[in-house]
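Architecture at a glance
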Amino acid sequence: MESNATLDRTFVECSALGFQSVITIVLAVACFRLWRRRGSTHFLTWSVAWTFYVIRLSCMSTFLVRRDIFWLFAHQAATGISALLLLAGALQLSRGLVLTRRHFLLAPIVIGWAWFAIYGIDSMMVAGLTSTLMLSAVTIYTGVLFWRSRDRISRDAASVLAWTFILWGVHHLDYPLLRRFGAGTLYGVFVDMLFLFTIGLGLLFVVLGEDRRAIAARNAQLAQLTRLLLRAQEDERRRIARELHDEAGQILTAAKIGLDLDGQVEASSLVGRALEQVRDLSNLLRPSVLDDLGLAPALRGLTEDVSRRLGIEVSLELNGPPTRLDADLEVVIYRVVQEALTNVTRHARATKVQVSLMVQATVVVLTVADDGHGLAEEASPRLGWLGMQERIGALGGSLSIRPGNPGLRLEATMPISRTS
């Protein structure tokens with residue numbers, strides 16, 4: 001009867017260890033696939049660590065069946081190696097550790113200690129206590145390392161992994177106190193499986209945190225690229241505008257004067273119209289008043305020009321201290337107003353437009369409202385609006401376009417940066 005009970009208990013314990021091995025194999029395979037996809041060395045290290053953990057469980061199962069002390073030694077060696085590899089993976093993730101040959105010298109030391117603990121110490125209680133204390137210390141230190149790295153890696157992942165490894169390290173201490181050295185108990189196996197599930201959740205948070213950081217870095221790069229492209233575009237517009245104004249404008253002016261002196265009125269009129277078109281194009285590309293006098297005069301000139309050319313009543317309201325803003329911010333405000341007025345004249349069929357610019361302590365609020373027919377529900381965003389969003393977003397601002405009463409209302413909010 002006692003023999004049958006022992007066999008039944010051994011079968012149950014080995015079955016529990018087998019189920020724990022399946023969970024650990026899943027962790028090892030998941031970490032290996034993450035390494036193949038991402039190339040992050042800590043995932044490869046963790047994959048090897050979980051593989052050794054599976055070997056540990058297999059050795060324990062074999063010892064429970066055969067009662068051969070060699071398998072107890074193999075279990076101890078695999079346990080120590082897996083614990084060190086888990087610590088190495090944490091160091092790679094949190095501190096960028098690069099494994100070298102001297103790090104691998106710890107493996108024979110761990111194996112040698114396992115041999116000494118099993119074959120050199122007469123008391124199994126003493127052997128088990130010393131091995132357990134070292135295993136617990138390594139596991140708890142792994143958790144502390146994750147806790148200290150909360151700002152370097154994902155805080156959720158670091159917190160989950162830190163508490164899991166710390167509690168797991170404390171749980172290791174019950175081996176010599178509540179269990180015979182080398183034996184397995186069901187409650188211990190199931191507690192270990194709970195920790196494995198939680199570690200898997202922490203690794204999922206690690207992956208999500210890396211993805212968030214990668215997306216944030218990519219967005220920052222795109223935002224920087226957008227700013228550089230917009231700045232290059234404005235520089236090119238400024239150069240072309242000045243060449244048109246200084247070169248073509250002066251040539252046409254001289255030609256008009258010569259034609260006037262020769263009495264060729266019709267030809268002079270044609271040259272005069274061409275000169276006006278060149279000046280309008282130059283002003284459209286980059287008004288010199290924006291660089292020379294600032295935003296307010298440039299906006300007044302823009303709104304007056306639209307009113308004069310198209311017969312639309314455009315009112316301009318400027319609120320705030322009359323100080324110069326950052327050059328990039330002034331350009332964005334001017335371009336947004338310019339694009340908004342272009343959309344009004346092309347699509348809205350409006351008769352009145354109100355432009356309002358409010359300069360507050362930390363932000364500027366730009367509003368453009370018209371009395372046109374608004375935006376059709378099925379209409380898709382126009383390219384000009386997307387350009388507005390890119391310009392405003394590059395400065396960390398926001399843009400909203402919504403129906404007015406009547407017409408359409410555009411509102412842009414951008415952080416302020418004044419120049420001296």
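Rules used in this analysis
Residues numbered from 1 in each chain as written. Predicted model: local features only at pLDDT ≥ 70, side-chain atom pairs only at ≥ 80, totals over all residues. Heavy atoms only, no water. Helix = DSSP H or I, 4+ residues; strand = E, 2+ residues; numbered from the N terminus. Contact = heavy atoms within 4.5 Å. Areas by Shrake-Rupley, 256 points an atom, 1.4 Å probe, with all protein chains shown as cover. Pairing = 2+ DSSP bridges. Axes fitted to C-alpha atoms, helices over the stretch in contact; angles between N-to-C directions. Salt bridge = Lys/Arg side-chain N within 4 Å of Asp/Glu carboxyl O. Buried < 20%, exposed > 50% of the residue type's maximum accessible area, 1.4 Å probe, protein only. Phe/Tyr/Trp six-rings, centres within 6.5 Å; stacked < 30°, edge-to-face > 60°. Lys NZ or Arg CZ within 6 Å of the ring centre and 35° of its normal. Expected span 1.5 Å × (residues − 1). Arc of directions from axis to C-beta.

1. Quick look at the overall build of the protein chain
Within the protein chain, the regular secondary structure consists of 14 helices and five strands. The contacts of the protein chain with a sequence gap of at least 6 include a subset with a gap of at least 24, amounting to 70%. When the accessible surface of the protein chain is split by element, carbon and sulfur atoms take 61% of a total near 23,200 Å².

2. Regarding the sheet that holds strand β4 (residues 398-403)
Neighbouring strands of a sheet are bound in pairs by backbone hydrogen bonds; such pairs are parallel or else antiparallel. Read across the sheet, five strands follow the order β1-β2-β3-β5-β4 without closing on themselves; strand pairing throughout is mixed. Two strands close off the open sheet at either side, each with one partner strand: β1 (313-319) and β4. The mean inter-strand angle of the sheet, taken between neighbouring strand axes irrespective of direction, is 10 degrees. In this sheet, strand β3 (residues 363-370) lies alongside strand β2 (residues 352-359) in antiparallel orientation, the contact comprising seven bridges. Considered in β3, the bridge of V359 is made with V364. Where helix α12 (residues 295-310) meets the sheet, it contacts β1 and β2, and its direction lies at approximately 165 degrees from that of β1.

3. Topic: the pattern of salt bridges
Enumeration over the complete set of coordinates arrives at six salt bridges. For E210, the salt bridge is made with R38, and the minimal N-O distance between the two is 3.7 Å. Of this pair, E210 sits in helix α9 (residues 186-262) while R38 is found in helix α1 (residues 2-38), placing the two residues 172 residues apart along the sequence. Residue R38 is classed as partly exposed on the basis of its relative accessible area of 32%. In this structure, E411 engages R409 in a salt bridge whose closest nitrogen and oxygen atoms are separated by 3.8 Å. Beyond isolated ion pairs, a larger network of salt bridges with shared partners links R38, E210 and D211.

4. Points about the environment of A327
With respect to the helices, strands and loops of the structure, A327 is situated in helix α13 (residues 327-348). Remark: the alpha-carbon pair of A327 and L295, spanning 32 residues in sequence, is separated by 9.1 Å.

5. Here's the deal with the environment of A127
With respect to the helices, strands and loops of the structure, A127 is situated in helix α6 (residues 124-148). Since its relative accessible area comes to 0%, A127 is described here as buried. Residues A127 and A114 lie 13 residues apart in sequence; the distance between their C-alpha atoms is 9.0 Å. Filtering out sequence-adjacent residues up to four positions away, A127 remains in contact with A117 and I121.

6. Some thoughts on the packing of aromatic side chains
Each pair of aromatic rings is reported with the distance of its centres and the angle of its planes. Summed over all chains, the structure comprises 16 aromatic pairs. Ring centres of F165 and W168 lie 6.1 Å apart, and the angle between their planes is 55 degrees; this geometry places the pair in the tilted category. Of this pair, F165 and W168 both sit in helix α7 (residues 155-172), three residues apart, which is roughly one turn of the helix. By relative accessible area, which is 2% here, W168 ends up buried. Its guanidinium or amino end placed over the ring of W147, R150 lies 4.0 Å from that ring's centre, counting from NZ or CZ.

7. Details of α12
Compared with an ideal rise of 1.5 Å per residue, which puts 16 residues at 22 Å, α12 spans 22 Å between its outermost C-alpha atoms and is within 8% of the ideal. Inspection of α12 places L295, A298, L299, L302, T303, D305 and V306 among the buried residues, and these make up the whole buried set. For α12, the buried positions fall inside an angular range of 155 degrees around the axis, keeping them on one side. Facing away from the buried side of α12 by over 90 degrees, the exposed positions are E304 and R308. Of the residues one or two after α12, G311 is the one with positive phi, at around 70 degrees.

Keep in mind that these numbers describe shape and distance, not what the molecule does.
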